[in-house]
Amino acid sequence: EAQVTQNPRYLITVTGKKLTVTCSQNMNHEYMSWYRQDPGLGLRQIYYSMNVEVTDKGDVPEGYKVSRKEKRNFPLILESPSPNQTSLYFCASKVGSGRVNYEQYFGPGTRLTVT
Amino acid sequence: AQSVTQPDIHITVSEGASLELRCNYSYGATPYLFWYVQSPGQGLQLLLKYFSGDTLVQGIKGFEAEFKRSQSSFNLRKPSVHWSDAAEYFCAVGGNTDKLIFGTGTRLQVFP
């Protein structure tokens, strides 16, 4: 089954404790992206990757890091989480970077709470 | 500036009633438009998309949307709502890049 998976689905952590949210897709998609969803703000892009070893900032990259060492994986790293990073996070992937007439597929989301 | 506006934060309808969710966009190039649905505790599922051609597009679950370039709108419609349609709906616009710009969402509540 074609899918985007994220782990963990739920995470409660404390300020400053480094964490990683994993994202994996089995569709051989070139493009991958991370979003955060906050009430009243919709989804905002954090980082994206056009292909292996190619990543770039989205609209709200502060406090986050990403890496793309393999095509299928795109982990989101919070080196020193803060309470304002409490949010619902989505990973997405899409076929053919730059091939615009394809939709993005979304993972189930990771709800992160930073206390 | 590129943006998507969903003017209705929350809509309540009775089961069996018709539904229209509004979406207006601002985009400098040819827009590609999407509607996604997010059921409680779930990820986003694509309902329908518009790239070109017929401005009335059909999607899954009985939804349709109409692209009106003159009004910069892409409203989502359903003739008869089911209780299972209760969810949050997001309109999004893309263009000649991979980036999607999302609206703030409309939460749909369905009363029996």
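Residues numbered from 1 in each chain as written. Chains lettered and ligands numbered in written order. Predicted model: local features only at pLDDT ≥ 70, side-chain atom pairs only at ≥ 80, totals over all residues. Heavy atoms only, no water.

Asker: Looking at this structure, how should I read the overall build of chain B?
Answerer: In terms of helices and strands, chain B carries 0 helices and 12 strands. Along chain B, from the amino end to the carboxyl end, the secondary structure elements read β-β-β-β-β-β-β-β-β-β-β-β. Counting only C-alpha atoms, chain B reaches 40 × 30 × 20 Å along its principal axes. Taken over 112 residues, chain B has a buried fraction of 49%. A sequence separation of at least 24 residues applies to 54% of the contacts in chain B between residues at least 6 apart. Summing over all exposed atoms, chain B offers an accessible surface of approximately 5,200 Å²; the carbon and sulfur share of this is 49%. In chain B, which carries 9 positive and 9 negative side-chain charges, the distance between the mean positions of the two groups comes to 4 Å. (Helix = DSSP H or I, 4+ residues; strand = E, 2+ residues; numbered from the N terminus. Buried < 20%, exposed > 50% of the residue type's maximum accessible area, 1.4 Å probe, protein only. Contact = heavy atoms within 4.5 Å. Areas by Shrake-Rupley, 256 points an atom, 1.4 Å probe, with all protein chains shown as cover. Lys, Arg positive; Asp, Glu negative; His and termini not counted. Charge placed at Lys NZ, Arg CZ, Asp CG, Glu CD.)

Asker: Sorry if this is basic, but what is going on with unusual backbone geometry here?
Answerer: Note on backbone geometry: most residues besides glycine have negative phi, and most peptide bonds are trans. Cis geometry is found at the peptide bond from Asn-7 of chain A to Pro-8 of chain A, where omega equals -5°. The backbone of Glu-53 of chain A sits at a positive phi, close to 65°, despite the residue not being glycine. Residues other than glycine seldom take positive phi values, yet Ser-72 of chain B does so here, at roughly 50°. Following the sequence through the fold, Ser-72 of chain B ends up in the loop between β8 (64–68) and β9 (73–78).

Asker: Please clarify how the environment of Thr-5 of chain A should be interpreted in this entry.
Answerer: All names here are of chain A. The residue Thr-5 is located in strand β1 (residues 4–7) in this model. Looking at Thr-5, the relative accessible area reads 30%, which means it is partly exposed. Along the sequence, Thr-5 and Tyr-48 sit 43 residues apart, while their C-alpha atoms lie 16 Å from each other. Ignoring sequence-local partners within four residues, the contact set of Thr-5 consists of Thr-22, Cys-23, Ser-24 and Pro-108.

Asker: Before we go on, may I ask you to explain the pattern of salt bridges in this structure?
Answerer: Where side chains of opposite charge bring their charged atoms close, a pairing between them can arise. Taken as a whole and judged by the stated rule, the model has 13 salt bridges over all chains. With a shortest N-O distance of 2.6 Å, Asp-59 of chain A and Lys-99 of chain B are connected by a salt bridge. Of this pair, Asp-59 of chain A sits in the loop between β6 (54–57) and β7 (65–66) while Lys-99 of chain B sits in the loop between β10 (87–94) and β11 (101–102), which puts the two residues in different chains. Judged by relative accessible area, Asp-59 of chain A falls into the partly exposed class, the value being 46%. By relative accessible area, Lys-99 of chain B is classed as partly exposed at 27%. In this structure, the salt-bridge partner of Arg-22 of chain B is Asp-8 of chain B, at a minimum N-O distance of 2.9 Å. (Salt bridge = Lys/Arg side-chain N within 4 Å of Asp/Glu carboxyl O.)

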